[in-house]
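Examining the three-dimensional arrangement
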Amino acid sequence: MARTTRSKASASAAEKSDSKAKSTASSNTQSRYTLPTKPTKPPIVFVLPKKATKDARIVSLFNPRCQTPTRYLVCPETGIYEFTSIAAPKTTPRSWFIECGNVDDVEPKKSDDSTEFRAYVTNGAELYVATPIDPMFLLLAAFEDESATTKDGKRMFVSMDDHLDSVRDKSPHLSEILRWGKIRTLLESRMAAVCDTAEAGDETMFRFNEDKLLAEMLAKARNICEHGLPQSLEDKYVTKKLEAPIVGVKRETTTSSTTREQTQTEVETSTPASGASTPKVESADSQSSVSSTETTTTSASEASTAATSITEESTAIVTNTTTTELLPALHASEDVVKLQRLRGALQFMCAKYLSQAHAAQLFRKLKTQGSPAVDFAPLDAYLEKLNTLRQEAAASRSAADYSRKRPLDDDEIAERAEKKRKKDEAEKRKKAGESRAVRDLKKVSTTGMKKMSDFFKKK
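Figured I'd write up the structure that's included with this text. Bear in mind the structure is a predicted one, so any value in this text is a computation, not a measurement.

What about a nonpolar patch on the surface?
Side chains of I44, F46, L48 and I58 sit close together on the surface and give an oily, nonpolar patch of about 360 Å² of accessible area. Along the chain, I44 falls in the loop between β1 (33-34) and β2 (46-47).

Dropping the structure here:
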């Protein structure tokens with residue numbers, strides 16, 4: 001019993017020493033700063049225009065393209081702005097460090113030795129920029145359901161408030177901004193741009209007109225083309241649409257070269273010496289003098305018989321070279337490129353701001369005869385030829401060439417990279433949750449061992 005008592009006493013002493021050590025360590029490692037808990041609604045970074053006044057408000061209005069309420073910035077003096085999201089690619093995660101106040105105003109607490117930070121780090125690096133938007137696009141939602149403004153299949157002139165009654169329930173703050181005088185005037189002027197107007201006393205009545213909407217959209221598209229499309233939109237709506245299949249063209253090039261060679265040859269010639277003559281023998285007294293003269297003449301002629309001749313020979317060499325050049329099968333003219341750029345700008349605006357019903361109606365108007373719009377017939381003829389060439393190029397490919405792969409678009413490449421990144425993150429989280437013993441057991445060789453299910457089989 002005495003032994004047991006001594007062990008309990010030693011155990012209690014050890015527990016006291018451990019508690020003292022923990023309290024000392026916690027006091028030494030206690031942070032001077034208190035971090036707040038993660039808020040349910042994290043802050044968002046907005047970039048607002050300088051000309052917006054302090055009375056500007058962020059409101060919810062019905063978006064005709066998304067068919068849902070969307071946030072907009074409405075300023076009573078400068079108009080309506082939409083928020084454009086700018087974010088880094090998902091493959092390179094980033095974050096914002098947001099300071100919620102002036103760091104010079106941070107003061108230590110009096111209750112304990114800690115200081116509170118007024119800053120926040122966001123999970124993403126989204127940036128919302130307020131850019132001006134034409135209120136005409138927001139008003140088009142009021143013309144989708146025309147059952148209340150038609151009679152016997154004909155549209156009637158209705159006031160702006162009656163038109164907007166169909167979207168008041170979907171736009172929570174619409175009634176509030178209509179009370180602002182300049183905003184109401186702005187909405188009435190933009191509604192008149194796409195409607196026929198009629199005066200009824202002191203009030204203006206409106207009736208929707210598709211031709212005016214088409215004229216407004218074409219004017220905006222021409223304005224975009226004059227200032228130039230961004231490179232991403234130029235590639236998507238113009239370059240890729242007009243790109244023709246590449247074909248190989250063989251060209252033969254003939255080159256000729258001439259080489260000249262010089263050769264030297266020695267030729268013996270018997271040319272008599274100049275000024276030498278053969279004397280006639282007249283008598284025996286003059287024989288000795290004649291023989292001496294002949295000897296001198298002979299030596300001079302032998303020296304001049306060795307002569308050198310130079311001959312030039314020229315040789316012509318002809319070379320045929322065959323080269324294969326990759327050229328597009330069809331070239332788009334400048335007028336066709338301009339028409340495609342105009343159509344691309346129109347398609348981009350319709351895809352971003354108009355509903356599907358209004359966009360389809362607008363393109364049907366473009367195809368009708370006698371339309372005041374642009375004539376897209378040259379562009380349609382070029383696209384028809386281009387489609388035929390693409391089909392022929394696809395048919396000419398060998399069916400046995402199974403190694404040929406379809407080129408991926410940028411969106412598909414980004415989607416695959418995102419899937420791969422998520423898969424890698426899931427594997428890392430799974431491995432991080434495993435203990436060391438489990439990881440070591442995975443390395444054990446189980447060849448020849450029975451499975452656990454073998455022990456529970458019926459004998």
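What to know about the side chain of D134
You can see D134 is positioned in the loop between β9 (127-132) and α2 (135-139). For D134, the side chain forms a polar contact with the side chain of K220, separated by 2.8 Å. Excluding its chain neighbours within four sequence positions, the residues that come into contact with D134 are R190 and K220.

As for the sheet that holds strand β13 (residues 195-200)
Spatial ordering of the open sheet is given by β12-β14-β13, a layout of three strands whose pairing is antiparallel. For this open sheet the edge positions go to β12 (158-159) and β13, each flanked by a neighbour on one side alone. Sheet topology note: the β13/strand β14 (residues 203-208) ladder contains six bridges and is antiparallel. Residue pairing for β14: T197 is matched across the bridge by F206.

Focus on the environment of F143
Inspection of the secondary structure assignment puts F143 in the loop between α2 and β10 (150-151). Owing to a relative accessible area of 3%, F143 belongs among the buried residues under this scheme. Separated by 20 residues in the primary sequence, F143 and H163 have C-alpha atoms spaced 7.2 Å apart. If near-sequence neighbours (up to four positions away) are discounted, F143 is found in contact with H163, M191, V194, C195, F208 and H358.

Thoughts on helix α5 (residues 181-192)
Its 12 residues give α5 an end-to-end C-alpha distance of 17 Å, which sits within 8% of 16 Å, the value for a rise of 1.5 Å per residue. Within α5, the full set of buried residues consists of I183, L187, R190 and M191. Down the axis, α5 shows its buried residues gathered within 100° of arc, on one side only.

Considering the pairing of β14
With two bridges joining them, β12 and β14 adopt antiparallel strand pairing. Within β14, the residue paired with V158 across the bridge is F206.

Some points on the environment of Q347
If you trace the backbone, Q347 turns up in helix α9 (residues 334-353). On a C-alpha basis, the gap between Q347 and A221 in space is 9.2 Å, while along the polypeptide they are 126 residues apart. Setting aside residues no more than four positions away along its own chain, Q347 makes contact with Y237 and F363.

What about helix α11 (residues 377-396)?
When the terminal C-alpha atoms of α11 are compared, their 29 Å separation across 20 residues agrees well with the 28 Å that a helix rising 1.5 Å per residue should span. Within α11, burial applies to L379, Y382 and L386. Each buried residue of α11 sits inside an arc of 65° when the element is viewed along its axis, so together they form one side. Exposed side chains of α11 directed beyond 90 degrees from the buried face belong to E384, K385, Q391 and A395. Each element contacted by the buried residues of α11 is listed here: α7 (231-242) and α9.

Comments concerning the nonpolar core
By size, the foremost hydrophobic cluster in this structure holds 57 residues, and its most contacted members are F137, L164, M217, L346 and L362. For this core, the element with the highest residue contribution is α9, accounting for nine residues. Excluding residues that lie within four positions of it along the chain, L346 makes contacts with M217, L218, A221, L362, F363 and L366.

Description of the packing of α9 against helix α10 (residues 356-367)
Taken N-terminus to C-terminus, the directions of α9 and α10 make an angle of 155°; their axes are 10 Å apart at the nearest point. Taken together, α9 and α10 sit at an angle that is classed as roughly antiparallel. Residues L346, Q347 and C350 of α9 form the contact with α10, whose own contacting residues are A359, L362, F363 and L366. Of the residues contributing to the contact of α9 with α10, the split by class is six nonpolar, one polar and no charged.

Definitions and limits used
Residues numbered from 1 in each chain as written. Predicted model: local features only at pLDDT ≥ 70, side-chain atom pairs only at ≥ 80, totals over all residues. Heavy atoms only, no water. Patch = residues over 30% accessible without salt bridge, like charges linked within 9 Å, V, L, I, M, F, W, Y side chains within 5 Å. Areas by Shrake-Rupley, 256 points an atom, 1.4 Å probe, with all protein chains shown as cover. Salt bridge = Lys/Arg side-chain N within 4 Å of Asp/Glu carboxyl O. Helix = DSSP H or I, 4+ residues; strand = E, 2+ residues; numbered from the N terminus. Polar contact = N/O pair within 3.5 Å; in protein donor to acceptor, adjacent residues only side chain to side chain. Contact = heavy atoms within 4.5 Å. Pairing = 2+ DSSP bridges. Buried < 20%, exposed > 50% of the residue type's maximum accessible area, 1.4 Å probe, protein only. Expected span 1.5 Å × (residues − 1). Arc of directions from axis to C-beta. Core = buried A, V, L, I, M, F, W, Y, C linked by side-chain atoms within 4.5 Å. Axes fitted to C-alpha atoms, helices over the stretch in contact; angles between N-to-C directions. Parallel < 35°, antiparallel > 145°, perpendicular 65-115°, else oblique. Nonpolar A, V, L, I, M, F, W, Y, C, P; charged D, E, K, R; others polar.

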